[in-house]
Amino acid sequence: MDIPRIFNITESAHRIHNPFTPEKLATLGEALRLETGTRMLDLGSGSGEMLCTWARDYGIIGTGIDMSQLFTGQAKRRAEKLGVADQVEFIHGDAAGFVSDEKAGVAACIGATWIGGGVGGTIELLAQSLCPGGIILIGEPYWRQLPPTEDVAKGCQASSISDFLLLPELLASFGHLGYDVVEMVLADQDSWDRYEAAKWLTMRRWLETNPDDEFAKDVRAQLTSEPVRYATYTREYLGWGVFALMARC
Ligand code: SAH
């Protein structure tokens, strides 16, 4: 079981597989006022940077589940490196339908809401693992400005304009699901660059060491087209943020 190989190539050097810098991730952790010993669940935990750094900085404990064998291995090594391997565990597996026995104070899905079939389904899934009064974290794109045409949405690698909402609409949608938005940290164009542009050097290096790989043609094509595509579309039109939610009382 694994994710499509292209992601394991282009994001192999990423610690954060989203348009957040380490600073923004730390800002989010601080904003949540986490207490030592808080249990976290992270569905689609990637290379584990959120759980590992928050374990180090705020004393949280928790579990991450991710379908990429490569990223899960990197998460385990990161936990060792930061000296938090006794606080956080990483499981390689499909997080769809995953409900934890031990309820969490914070349940997160950051940039992987297809796991629950969309934002609403993912919130429902996470809520099943949450303590009463706990916080749900959702990382999700939104339109910074509405694409004028469907082609522009496709240029952003969306399947259609209707894939995403404008920020005020996204915030309102959480309310319609019965949740208060209690915090948020947003990406900006510079933090998007850290996510997207970091793939380019990774691709270039990979091509140099794997010239005869069956994927080399695809990676070459992506490296050639990605900088201009990204600057034309994603960088201008797509926003991204992490939203902290609490069920309305
Ligand atoms: N939350 C992490 C990773 C986001 S990228 C971060 O912010 O760094 C999306 C992640 O979802 C990838 O690591 C991918 O391997 C994982 N993923 C995709 N489908 C999944 C599934 N069905 N179950 C678990 N993880 C999945």
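Model, not experiment: these values are computed from the prediction.

### Some words on the packing of helix α2 (residues 22-31) against helix α3 (residues 49-58)
No. 1: Running from N to C, α2 and α3 point in directions that differ by 55 degrees, and their axes come no closer than 10 Å. Judged by the inter-axis angle, α2 sits oblique to α3. Of the two possible hands of crossing, α2 and α3 adopt the one that is right-handed. Listed contacts from α3 to Leu-25, Ala-26, Leu-28, Gly-29 and Glu-30 of α2 are Glu-49, Met-50, Thr-53, Trp-54 and Tyr-58.
No. 2: Its residues placed into classes, the contact of α2 with α3 shows six nonpolar, two polar and two charged.

### Concerning the UniProt feature "domain: Methyltransferase" (unreviewed entry) in the chain
No. 1: Mapped onto the present numbering, the UniProt feature "domain: Methyltransferase" (unreviewed entry) falls at residues 41-112.
No. 2: Split by type, residues 41-112 is 32% helix and 29% strand. Its first and last C-alpha atoms lie 14 Å apart.

### Some thoughts on the site of the ligand
No. 1: Taken together, 19 residues form the shell around the ligand, and within it His-17, Asn-18, Gly-44, Asp-66 and Ala-95 come nearest.
No. 2: The separation between an oxygen atom of the ligand and a polar main-chain atom of His-17 is 2.8 Å.
No. 3: Between the ligand and the protein, one listed contact pairs a nitrogen atom with a backbone N or O atom of Met-67 at 3.1 Å.
No. 4: Here the ligand, which alone exposes 570 Å², has 90% of that area covered by the protein.
No. 5: Of the residues contributing to the shell around the ligand, the split by class is nine nonpolar, eight polar and two charged.

About the cut-offs
- Residues numbered from 1 in each chain as written.
- Predicted model: local features only at pLDDT ≥ 70, side-chain atom pairs only at ≥ 80, totals over all residues.
- Heavy atoms only, no water.
- Axes fitted to C-alpha atoms, helices over the stretch in contact; angles between N-to-C directions.
- Helix = DSSP H or I, 4+ residues; strand = E, 2+ residues; numbered from the N terminus.
- Parallel < 35°, antiparallel > 145°, perpendicular 65-115°, else oblique.
- Left-handed = near helix turned anticlockwise from the far one by under 90°.
- Contact = heavy atoms within 4.5 Å.
- Nonpolar A, V, L, I, M, F, W, Y, C, P; charged D, E, K, R; others polar.
- UniProt positions renumbered as here; feature names shortened; annotations may be inferred.
- Near = heavy atom within 4 Å.
- Polar contact = N/O pair within 3.5 Å; in protein donor to acceptor, adjacent residues only side chain to side chain.
- Areas by Shrake-Rupley, 256 points an atom, 1.4 Å probe, with all protein chains shown as cover.

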